[in-house]
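A structural walkthrough
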Amino acid sequence: MTLLALTGCQTTPQKGLTPAQIAVLKQQGFEMTDEGWAFGLSGKVLFGSDVEHLNPASTQIVERIGKALLGVGIERVRIDGHTDASGEESYNEQLSLRRAKSVEAVLAAVGIKEQNIQLRGLGSSKPVASNATAAGRTENRRVSIVVSAD
């Protein structure tokens, strides 16, 4: 009975994001999507064909985002890796997961706990541009950082 009484005294975590957290997400370039607040690294952090590592400029962007998120108490994120449609889909799924892991390593280095980072390798399943052109394939080689609204 005492245990039940004590558990009732615990504060329950707040659902949703605070106005300050939303302001920082917007400031960092996140946009509201069906899956939460997403920072699409397409156009900002692109990967070369068959490349999984971030370049120095991309690393700085991810570090800045990680520090900003931690600064407002956002400690849980999902990282979605993507590829263009070149090559075998099974290979692309693994490549997209490796891309997500490269972003995870940077976020972990700035202080986001790895157990609070969910990774998804989506391969070429969610293109943002046509894979029929070189420019479209370049846009599809990307990573998204997603912050859930709950």
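Residues numbered from 1 in each chain as written. Predicted model: local features only at pLDDT ≥ 70, side-chain atom pairs only at ≥ 80, totals over all residues. Heavy atoms only, no water.

So, the overall build of the chain
As a reminder of what qualifies: Secondary structure elements are taken from DSSP: a helix is a run of H or I of four residues or more, a strand is a run of E of two residues or more, and numbering for both begins at the N terminus. Relative accessibility decides the category of a residue: with a 1.4 Å probe and only protein chains considered, values under 20% of the type maximum give buried, values over 50% give exposed, and everything between is partly exposed. By the convention used here, residues are in contact when the closest approach between their heavy atoms is within 4.5 Å. We get accessible surface area from the Shrake-Rupley algorithm with a probe of 1.4 Å; when it comes to residues, only the shown protein chains can shield them.
Secondary structure assignment for the chain yields 5 helices and 5 strands. Counting only residues that meet the buried cut, the chain has 38% of its 150 residues in that class. At a minimum sequence separation of 6, the contacts of the chain that also span at least 24 residues come to 73%. Counting every atom, the chain has about 8,400 Å² of accessible surface; 53% of that belongs to carbon and sulfur.

So, the sheet that holds strand β3 (residues 77-81)
To keep things clear, this is the line we draw: Two strands form a pair only when DSSP identifies at least two bridges running between them. Note on geometry: axes are C-alpha line fits, over the in-contact stretch for helices, and angles between N-to-C directions span 0 to 180 degrees.
Strand order in this open sheet of 5 strands is β1-β2-β5-β3-β4, and the pairing throughout is mixed. In the strand order of this sheet, the two ends are held by β1 (31-33) and β4 (117-121), each with one partner. Neighbour-to-neighbour, the strand axes of the sheet open up by a mean angle of 30°, direction not taken into account. Pairing of strand β2 (residues 36-40) with strand β5 (residues 143-147), which is carried by 4 bridges, proceeds in the antiparallel orientation.

Brief notes about the pairing of β2
Most of β2 sits out of view: 4 of its 5 residues are buried. The pairing of β1 with β2 spans 3 bridges and is antiparallel. Note on β2: the bridge partner recorded for glutamate 31 is alanine 38.

Topic: the confidence of the model for the chain
Note the following rule: Confidence of the predictor at the level of single residues is captured by pLDDT, which takes values from 0 to 100.
On average, residues of the chain score 87 in pLDDT, and 86% of them are at 70 or above. Of all the helices and strands in the chain, helix α1 (residues 2-9) carries the lowest mean pLDDT, 44, while β4 carries the highest, 97. Predicted confidence is poor over residues 1-14, with pLDDT under 50, and the contacts of this stretch with residues over four places away or in other chains come to 0 contacts.

A few points about the packing of helix α3 (residues 56-71) against helix α4 (residues 89-109)
Formally: Any angle that is under 35 degrees is reported as roughly parallel, and any over 145 degrees as roughly antiparallel; angles of 65 to 115 degrees are reported as roughly perpendicular and all others as oblique. Note: crossing handedness is left-handed where the near helix turns anticlockwise from the far helix by less than a right angle, and right-handed where it turns clockwise. Any residue outside Ala, Val, Leu, Ile, Met, Phe, Trp, Tyr, Cys, Pro, Asp, Glu, Lys and Arg is labelled polar, Gly included; the first ten of those are nonpolar and the last four are charged.
Running from amino to carboxyl end, α3 crosses α4 at an angle of 50°, the nearest separation of the two axes being 9 Å. The pairing of α3 with α4 is recorded here as oblique in orientation. Classified by chirality, the crossing of α4 by α3 is right-handed. The residues of α4 that touch α3, namely those facing Thr59, Val62, Glu63 and Gly66, are Val103, Val106 and Leu107. Residues of the contact of α3 with α4, tallied by class, amount to 4 nonpolar, 2 polar and 1 charged.

Concerning the packing of aromatic side chains
Threshold: Between the rings of Phe, Tyr and Trp (Trp by its six-membered ring), a pair exists once the centres lie within 6.5 Å; its type follows the angle of the planes, with under 30 degrees stacked, over 60 edge-to-face, and the other angles tilted.
Using the criterion set out here, one finds 1 aromatic pair in the structure. Taken together, a centroid distance of 5.5 Å and an interplanar angle of 50° make the contact between phenylalanine 30 and phenylalanine 39 tilted. Summarising the burial analysis for this pair, phenylalanine 30 and phenylalanine 39 share the class buried.

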